[in-house]
Every structure is written in structure tokens, then in C-alpha cells.
Amino acid sequence: MKWSYLCLLIAGLLPVVCAGIAKAGLKDYDNHNPRAWLARATGFRARANAAQANSFEAFPFFASGVLLALHAGVDSARVDALAMAFVLARLGYIACYVADKATLRSLVWTVGMGCVVALHVSAVMGG
């Protein structure tokens, strides 16, 4: 099993998890106009919505890194390890964002971005 493939699926679903956090448990959620409703959100719900947006932004760079590294023949164990580290960093990032731990959130974001850069650099170096 290529764990990196599973990580692509998980990373692709993380924005949905964030949206669920932002919307869960409120009776006044407006599914007819969810973006306007979320624009009025405050506190952890607003932060979960921001984490959702950032998760969408991070996904293409991550996905291209995994696919390029595999296509370039980078050792699949290395790709798997970097992909798993990215997903763990993203989970930590979301948790820190929702909990309003800004400095730790930035540190965890940097770790995740480092994994993505390592994937791309590995692809460029050909393994």
C-alpha cells in the first residue's frame, strides 16, 4: 500500500472536516446561504472556517509534490513518510487554529510546508 495515496485522500478531506467543525451544533445554520452565514461566524467557528480555506490552499502544492516525487522515482518510503508527516502537521495545524494557538499553529504550518518542499526537491533531484 502506498501510504502517500491514502494521505492524498485524507488531505483532500480535511477542508470538509474544518467545515464540519465550523457548522456543527448550531441551530441557526443557513444551508441556503452557507458562505454568508460563515462570514458572520466568530470565535472557534471563524477559525475553523479559516483553517478550511487554508486547507484548500495547501492541498494542490502537497498533491503535486506527492505525485511528482512518485513519478520521478523517489523512494516510496520517503514519499510516504513525508506525506504522513504533512497530514499529521495539518491535523496539528487545524487543532491549533481552532484552539487559537497562533504561534504553535505557525510552527506546525512550517513543518507541513517543509514536508511539501522536501517532496518537490526530491522530485527535482530524481530521488
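Residues numbered from 1 in each chain as written. Predicted model: local features only at pLDDT ≥ 70, side-chain atom pairs only at ≥ 80, totals over all residues. Heavy atoms only, no water.

### Examining the nonpolar core
Burial of nonpolar side chains together is a common tendency in soluble globular proteins. Counting 20 residues, the largest nonpolar core has Phe62, Val66, Ala69, Val79, Phe86 and Leu119 as the members making the most contacts within it. Counting only elements with at least two residues in this core, the list comes to α1 (3-23), α3 (43-71), α4 (76-98) and α5 (102-125). Top contributing element to this core by residue count: α3, with six residues. Excluding residues within four positions of it along the chain, Ala69 makes contact with Val74, Val79, Leu119 and Ala123. Cys18, Trp37, Ala51 and Tyr93 belong to the second largest nonpolar core, which has 13 residues in total. (Core = buried A, V, L, I, M, F, W, Y, C linked by side-chain atoms within 4.5 Å. Buried < 20%, exposed > 50% of the residue type's maximum accessible area, 1.4 Å probe, protein only. Helix = DSSP H or I, 4+ residues; strand = E, 2+ residues; numbered from the N terminus. Contact = heavy atoms within 4.5 Å.)

### Here's the deal with the UniProt feature "transmembrane region" (unreviewed entry) in the protein chain
When the UniProt feature table is mapped onto this chain, "transmembrane region" (unreviewed entry) is found at residues 81-99 and 106-125. Secondary structure content for residues 81-99 is 95% helix and 0% strand, and the end C-alpha separation is 27 Å. (UniProt positions renumbered as here; feature names shortened; annotations may be inferred.)

### Focus: α4
Taking 1.5 Å of rise per residue, 23 residues should cover 33 Å, and α4 covers 33 Å from first to last C-alpha, within 8% of that figure. Backbone geometry just downstream of α4 places Asp100 in the positive-phi region, at approximately 60°. (Expected span 1.5 Å × (residues − 1).)

### Some details on the state of the cysteines
For the coordinates displayed, the defined rule picks out zero disulfides. Unpaired in terms of disulfides, Cys18 finds its nearest cysteine sulfur in Cys96, a separation of 12 Å. Overall, Cys18 belongs to the buried group, its relative accessible area being 1%. (Disulfide = S-S within 2.5 Å.)

### Notes on the environment of Ala123
Residue placement: Ala123 occurs in helix α5. Residue class for Ala123 comes out buried when judged on its relative accessible area of 16%. With residues up to four places along the chain from it excluded, the contact list for Ala123 reads Leu68, Ala69, Ala72 and Val74.

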